[in-house]
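Results of the structural survey
In case you want the letters, here they are:
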Amino acid sequence: SAITSVIDRPDARTDSQGAAAALSGTVVDQNGAVIQGATLTLINEDTGDTQTTAASEEGTFRFFVRTDGVFTLKTESSGFRRGEAPGLRLGAGH
């Protein structure tokens with residue numbers, strides 16, 4: 001089975017913690033069923049910096065990024081093929 005991250009529209013406003021953008025969404029399988037506890041890794045394609053989080057009980061996740069850039073989102077969960085979404089442009093300039 002494949003795993004997919006359904007990404008909400010990236011939020012480019014700066015928050016009180018200095019984040020340039022936020023990326024959120026829901027992790028689902030190919031049938032649309034929510035996957036709890038999936039591991040998500042957001043990688044800055046320019047710097048190689050990474051952030052990791054786990055999907056909530058509702059399958060939701062949220063990342064905050066402090067610099068503009070192009071990112072890859074990787075999603076993993078036991079029993080599923082890893083998902084990957086490259087080329088995500090995040091930040092005020094995107």
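Calculation criteria
Residues numbered from 1 in each chain as written. Predicted model: local features only at pLDDT ≥ 70, side-chain atom pairs only at ≥ 80, totals over all residues. Heavy atoms only, no water. Buried < 20%, exposed > 50% of the residue type's maximum accessible area, 1.4 Å probe, protein only. Helix = DSSP H or I, 4+ residues; strand = E, 2+ residues; numbered from the N terminus. Pairing = 2+ DSSP bridges. Contact = heavy atoms within 4.5 Å. Core = buried A, V, L, I, M, F, W, Y, C linked by side-chain atoms within 4.5 Å.

**Topic: the pairing of strand 3 (residues 39–44)**
Of all 6 residues in strand 3, 5 are buried; the element is thus mostly enclosed. Of the strand pairs in this sheet, strand 3 and strand 4 (residues 50–54) are connected by 5 bridges, and their pairing is antiparallel. Of the residues in strand 4, the one forming a bridge with Leu42 is Gln51. In sequence, strand 3 turns back onto strand 4 through a hairpin of 5 residues, with Gly48 there showing a positive phi of about 80°.

**As for the pairing of strand 2 (residues 21–29)**
Buried residues dominate strand 2, accounting for 8 of its 9 residues. Of the pairings in the sheet, the one linking strand 1 (residues 3–7) to strand 2 comprises 5 bridges and is antiparallel in character. For Ile7, the partnering residue across the bridge sits in strand 2 and is Gly25.

**Here we look at the environment of Thr26**
As for its position among the elements, Thr26 is in strand 2. With relative accessibility at 21%, the residue Thr26 sits in the partly exposed group. Each C-alpha atom of the pair Thr26 and Gln36 lies 9.4 Å from the other, and the pair is 10 residues apart in sequence. Apart from residues no more than four positions distant in its own chain, Thr26 is found in contact with Thr4, Ser5, Val6, Val34, Glu58, Gly59, Thr60 and Phe61.

**Some remarks on the nonpolar core**
Among the nonpolar cores identified, the biggest contains 16 residues, and Leu23, Val27, Leu40, Leu42, Phe63, Leu73 and Leu90 are the most heavily contacted of them. Those residues in contact with Val27, other than ones at most four positions away along the chain, are Ile3, Thr4, Ser5, Ala33, Val34, Ile35, Ala38, Leu40, Ala55, Gly59, Phe61 and Thr75.

Any functional reading would require information that these geometric values do not contain.
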